[in-house]
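# Structural features, examined
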Amino acid sequence: MAGPQPNAADLGGDPAHLGVAGDSASDVIASACALFAKQAGAPKLSAVINWYGPGIHPIPEEGSATEFANGPLLRMDDLHLFWEMFIKDASDYQDFRVSPIKAASHADLPPTFIASAECDPIRDVVEAYAPLLSKAGVQVEVKRYPGMVHGFVSWVSFLSGPQAAMADACAFAKRHLRGGG
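For the structure given in this document, a descriptive report is provided here.

### Some thoughts on the pattern of salt bridges
- Enumeration over the complete set of coordinates arrives at eight salt bridges.
- For Arg123, the salt bridge identified is with Glu67, shortest N-O distance 3.7 Å. With Arg123 in helix H4 (residues 123-127) and Glu67 in helix H2 (residues 64-67), this residue pair connects regions lying 56 residues apart in the sequence.
- Exposure remark for Arg123: the relative accessible area of 9% places this residue in the buried category.
- Between Arg97 and Asp95 there is a salt bridge, with the nearest N and O atoms lying 2.5 Å from each other.
- Three or more residues are tied together by salt bridges with common partners; here these are Glu141, Lys143, Asp168 and Arg175.

The structure is reproduced here in structure tokens:
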């Protein structure tokens, strides 16, 4: 039985210029997708957009995790609950699908845009992925958005911080999805 066939062209897309994006937990999926694509020899992705997606679990209880442990909006207790619903046992934390930072190699991953929120308990672990990618030779752009909280990009229709983050991510995507790197 043949596997799924690429259909980007059928959809009006260009299979040579694919990207993935996510916010929060869905960015963990997007980052894992980039790692999977590389390992599987799938078409090389051209860009990853990460809005405040944590690169490692469990979240170390230090820095922004203690500074913003009680919010605003997202609390460390919330994070623990969310991950308890997703994780079978502690061994899952070693899996790059849960902790992209723990992948065996980050070389040859696509350029990555990382947006963090200043007032977010996971801000530090979001930003911690950038130096690791950079050390592996991946082009990385990291921006921290002042005064923003976890989930802020969903307010793009009425706040200037999310609008700036969306504009920055779109500019990054345009550069990389058109092959302009």
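Here the narrative resumes.
### A closer look at the pairing of strand E3 (residues 112-117)
- The element E3 is largely enclosed, with a buried count of six among its six residues.
- Residue alternation in E3 divides its side chains into two sets, Thr112, Ile114 and Ser116 and Phe113, Ala115 and Ala117, and both sets are buried.
- When strand E2 (residues 45-51) meets E3, the two strands line up parallel, connected through four bridges. Bridge pairing links Trp51 to Ala115 in E3.

Rules behind the numbers
Residues numbered from 1 in each chain as written. Predicted model: local features only at pLDDT ≥ 70, side-chain atom pairs only at ≥ 80, totals over all residues. Heavy atoms only, no water. Salt bridge = Lys/Arg side-chain N within 4 Å of Asp/Glu carboxyl O. Helix = DSSP H or I, 4+ residues; strand = E, 2+ residues; numbered from the N terminus. Buried < 20%, exposed > 50% of the residue type's maximum accessible area, 1.4 Å probe, protein only. Pairing = 2+ DSSP bridges.

Without other data, these values stay purely geometric and don't point to any function.
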